[in-house]
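# Residue-level structural notes
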Amino acid sequence: DAKTTQPPSMDCAEGRAANLPCNHSTISGNEYVYWYRQIHSQGPQYIIHGLKNNETNEMASLIITEDRKSSTLILPHATLRDTAVYYCIVRLAIIQGAQKLVFGQGTRLTINP
Amino acid sequence: KAGVTQTPRYLIKTRGQQVTLSCSPISGHRSVSWYQQTPGQGLQFLFEYFSETQRNKGNFPGRFSGRQFSNSRSEMNVSTLELGDSALYLCASSVTGGNGNTIYFGEGSWLTVV
């Protein structure tokens, strides 16, 4: 089962910052937080991931709380093309080196003009 | 650098038939995994391969199988298709699948079973 909790939907005005929260209160020390988004009928697009420190790339910023129990994805200047379902995922470390992502229901972000 | 490539993009099959989907990972990536996405169940992990070996498997019946070739390309097969197998099948790749690796997805193969 997914170990993250996200609001089912959010709205944001175009040009404003979109802040998407994620709760992962049971995260363990060696688990990363990943964010993906999926635009209808397309494959999930990687956005960013982090372990402890805040991370920033050309798409977004990831803020992880000091206790690592929650994080926030920030899209600094949202555009209509950012309308998508956003998934926050804690990377399971069931088997060393095994690749498995457990997706929850995500947050449906709608950017309004 | 080419992304994860999946073929075919769309296909229609009849109940009882079988289907094979193909995935070419990003060059240099040795870990390939497969996911099924349906409106009711969301995105679910099917299995993962690394160096031609299945390392992890999701909770799917034995009708779902896969394999990986020495060039890291992968195929998945679904036998005795059921209507409920209609879904978007996604392939993802990463360098080794290790924690911290970035995992990239393809655009998926849309399977409709009639």
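A brief structural summary.

Turning next to the overall build of chain B. Broken down by element type, chain B carries zero helices and eleven strands. Along its sequence from the N terminus, chain B presents helices and strands in the succession β-β-β-β-β-β-β-β-β-β-β. Computed over the C-alpha atoms, the radius of gyration of chain B is 13 Å, within 12% of the 13 Å expected from 2.2 N^0.38 for a compact globule of 114 residues. Seen through its C-alpha atoms, chain B measures out along the principal axes to roughly 40 × 25 × 25 Å. Within the span of chain B, comprising 114 residues, buried residues form 52% of the whole.

With that settled, the discussion passes to the pattern of salt bridges. Applying the stated criterion across every chain, the model contains seven salt bridges over all chains. Of the charged contacts, one joins arginine 37 of chain A and aspartate 82 of chain A as a salt bridge, the two residues approaching to 2.7 Å between their closest N and O atoms. Placement of the pair is arginine 37 of chain A in strand β3 (residues 33-38) and aspartate 82 of chain A in the loop between β7 (70-75) and β8 (84-90), with a sequence separation of 45 residues. Each member of the pair, arginine 37 of chain A together with aspartate 82 of chain A, is buried. We note a salt bridge from arginine 63 of chain B to aspartate 85 of chain B, for which the minimum N-O separation is 2.8 Å. One end of the pair, arginine 63 of chain B, is in the loop between β6 (53-57) and β7 (64-68); the other, aspartate 85 of chain B, is in the loop between β8 (74-78) and β9 (87-94), and 22 residues separate them in sequence. Assigned by exposure class, arginine 63 of chain B and aspartate 85 of chain B land together as buried.

Glancing now at the state of the cysteines. Residues and elements named next belong to chain A. Scanning the model with the defined rule gives two disulfides over all chains in all. In this structure cysteine 12 is a free cysteine whose sulfur lies 18 Å from that of cysteine 22, the closest cysteine sulfur available. The exposure class of cysteine 12 is buried, given its relative accessible area of 9%.

Residue and element names in this part refer to chain A. If you walk across this open sheet you meet the four strands as β2-β7-β6-β5, and the pairing is antiparallel. The sheet is open, and its two edges are formed by β2 (18-23) and β5 (55-56), each paired on a single side. Across two bridges, the pairing between β5 and strand β6 (residues 61-64) is antiparallel. The residue bridging threonine 56 from the neighbouring strand is serine 61, located in β6.

Consecutive side chains along a regular strand alternate between the two faces of the sheet. Residues and elements named next belong to chain B. A large share of strand β4 (residues 31-38) lies buried, amounting to eight of its eight residues. Alternating positions in β4 separate into two faces, Ser31, Ser33, Tyr35 and Gln37 on one and Val32, Trp34, Gln36 and Thr38 on the other, with burial throughout. For β4 and strand β5 (residues 42-50), the ladder comprises eight bridges, and the chain directions are antiparallel. For glutamine 37, the partnering residue across the bridge sits in β5 and is leucine 43. Hairpin connection, β4 to β5: the antiparallel pair is bridged by three residues. Pairing of β4 with β9 involves seven bridges; the strand directions are antiparallel.

Moving on, we come to the sheet that holds strand β3 (residues 19-24) of chain B. Residue and element names in this part refer to chain B. Across the sheet, four strands lie side by side as β1-β3-β8-β7; this open sheet has antiparallel pairing. Edge positions in the sheet fall to β1 (5-7) and β7, since each has one partner strand and no second. Adjacent strand axes in the sheet meet at a mean angle of 20°, parallel and antiparallel pairs treated alike. Examined bridge by bridge, β3 and β8 share five bridges and lie antiparallel to one another. Note on β8: the bridge partner recorded for valine 19 is valine 78.

About the thresholds
Residues numbered from 1 in each chain as written. Chains lettered and ligands numbered in written order. Predicted model: local features only at pLDDT ≥ 70, side-chain atom pairs only at ≥ 80, totals over all residues. Heavy atoms only, no water. Helix = DSSP H or I, 4+ residues; strand = E, 2+ residues; numbered from the N terminus. Rg over C-alpha atoms; globule rule 2.2 N^0.38 Å. Buried < 20%, exposed > 50% of the residue type's maximum accessible area, 1.4 Å probe, protein only. Salt bridge = Lys/Arg side-chain N within 4 Å of Asp/Glu carboxyl O. Disulfide = S-S within 2.5 Å. Pairing = 2+ DSSP bridges. Axes fitted to C-alpha atoms, helices over the stretch in contact; angles between N-to-C directions.

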